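Inside the fold
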Amino acid sequence: MTLAERDAAVIWHPYTQMKNAGLPLAITKGEGALLFDEAGNAYIDAVSSWWVNLHGHSHPYIAQKIAEQLQQLEHVIFAGFTHQPAVELAEGLLKVLPENQKRIFYSDNGSTAVEVALKMALQYWHNQGQEKSKIIAFRESYHGDTFGAMSVSSRSAFTQPFNQYLFDVLFIDVPVPGQEEKCLQQVTAYAQRTDVAAFIFEPLVLGTAGMVMYAPEVLDKTLSICRENQIFTIADEVMTGFGRTGKNFATDYLSENKPDIFCLSKGLTGGTMALGVTSCSQQIYDAFLSEDKTKTFFHGHSYTANPIACTAGVASLELLLQSATQANIARIRAQHTAFREKMQMHTACKVIRQTGTILALEFETGTTSYFNNFRDILYNVALENKVLLRPLGNIIYILPPYCITPGQLEEVYAVIMKMADLLI
Ligand SMILES: Cc1ncc(COP(=O)(O)O)c(C=O)c1O
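Our subject in this report is the structure included herewith. (Residues numbered from 1 in each chain as written. Predicted model: local features only at pLDDT ≥ 70, side-chain atom pairs only at ≥ 80, totals over all residues. Heavy atoms only, no water.)

Taken together, Trp51, Asn109, Gly110, Ser111, Tyr142, His143, Gly144, Glu202, Asp236, Val238, Met239 and Lys266 make up all the residues around the ligand. Contacts to the ligand include glycine 110, whose backbone N or O atom sits 2.9 Å from an oxygen atom. Between an oxygen atom of the ligand and a side-chain N or O atom of serine 111, the distance comes to 2.6 Å. Contact with the protein chains hides 84% of the accessible area of the ligand, taken as 390 Å² for the molecule alone. Partitioned by chemical class, the residues of the shell around the ligand number four nonpolar, five polar and three charged. (Near = heavy atom within 4 Å. Polar contact = N/O pair within 3.5 Å; in protein donor to acceptor, adjacent residues only side chain to side chain. Areas by Shrake-Rupley, 256 points an atom, 1.4 Å probe, with all protein chains shown as cover. Nonpolar A, V, L, I, M, F, W, Y, C, P; charged D, E, K, R; others polar.)

Put into structure tokens, the structure is as follows:
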């Protein structure tokens, strides 16, 4: 039996309708931007394996650092104890995050980083004796699959079976070009209420919504309205963090405001291990300091600040800040721009947009939906051509590891061009 056949007998995969899923691809090795299956085929990972991988698969430097750490300490409880990788990663992150970020709280993944952020904001007001219980969020956002994260996400087919259990959220429209004023008016109206605790947002790019993009200027204005009305701002940089948008963080494009809280995961470990981080300002941290024990932040996971994951984080951050990586980010961005300019002339292309190393193309197929059947066709065309692309409905996007070579990127573009040609 192949690995894929053994898998099919025992495993339930994420985001997969198992009835007609077909056999999964069994990957036996990863190197750079390539994944190798059990038959020896090589695939270009053009989506960084669900947006996590920054420097390529099985990166030798990260592997070496993890191997060393494994000989030293694999894990220890993080309440009352600490260790070098956790401290080093926290220090490193605070150097690259905006200056207002003062504390690092560890958790396990993007969803838990969001849960922690929401709980921090809500308990801040509770600890102050003020009942502020409402969260503002973008209507089409995606912040994860746990209940709090689902609550602040779009009400969609993903959440439909659970909608009655999700807490109420004040949704506003995403300020895509042409909709800026509408968004600002909605925020202004909600900001008049006295019960709003925080605004959570995916900065500049809403990933799961279909790489929907908006400008930093309108985000800056939105954050100003929140700041003037004592509403905390939570940047969910789980997808956009660590260089994806061309800067370390998408919110680095803001000129006026710095968010109060950041959620990080995915690229945090270079895509090697699961780890989540929620950072916050001094103001938020201070509201939990008290002789009164009930003001403690009662949140933690068994594997909080796992030393192996933190080691991967330290190594990945080191690699990210190297000039060679920054040059690769600039190169991918420029190569994307050239392809975008060429592709936007294609009749099958409804719209093509780019922020930094993220390029998204919406095909002209009548409807825009995650369940668009065209999605499966696109996915299979890509795989047949040895490229891993995961369309969001009729939207195809590239979000590559920074080590992808110019030649590999051209191969990915060629597959997208082939898809477009299929449509005319
Ligand atoms: C913006 C954003 N926030 C949160 C999450 C949830 O992260 P995780 O899948 O690690 O729980 C995701 C995942 O795609 C995301 O894109």
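What follows deals with the sheet that holds strand β10 (residues 232-236). Strand order in the open sheet made by the seven strands is β4-β12-β11-β10-β7-β5-β6, with mixed pairing throughout. Either end of the sheet is taken by a strand with one partner, and the two such strands are β4 (101-107) and β6 (170-172). Taking each pair of neighbouring strands and ignoring which way they run, the sheet shows an average axis angle of 20 degrees. Here β10 pairs with strand β11 (residues 261-264) via three bridges, running parallel. Residue aspartate 236 lies in a different strand from β11, and its bridge partner there is cysteine 263. Contacts between helix α7 (residues 180-191) and the sheet are confined to β5 (134-138), β6 and β7 (196-201), with β6 contributing the most and set at about 160 degrees to the helix. (Pairing = 2+ DSSP bridges. Helix = DSSP H or I, 4+ residues; strand = E, 2+ residues; numbered from the N terminus. Axes fitted to C-alpha atoms, helices over the stretch in contact; angles between N-to-C directions. Contact = heavy atoms within 4.5 Å.)

Looking now at the environment of serine 316. Looking at the secondary structure, you find serine 316 in helix α10 (residues 307-321). When the C-alpha atoms of serine 316 and glycine 270 are compared, they prove to be 5.0 Å apart, with 46 residues separating the residues in sequence. Ignoring anything within four residues of it in the chain, the contact list for serine 316 reads Leu54, His55, Ile62, Gly267, Leu268, Thr269 and Gly270.

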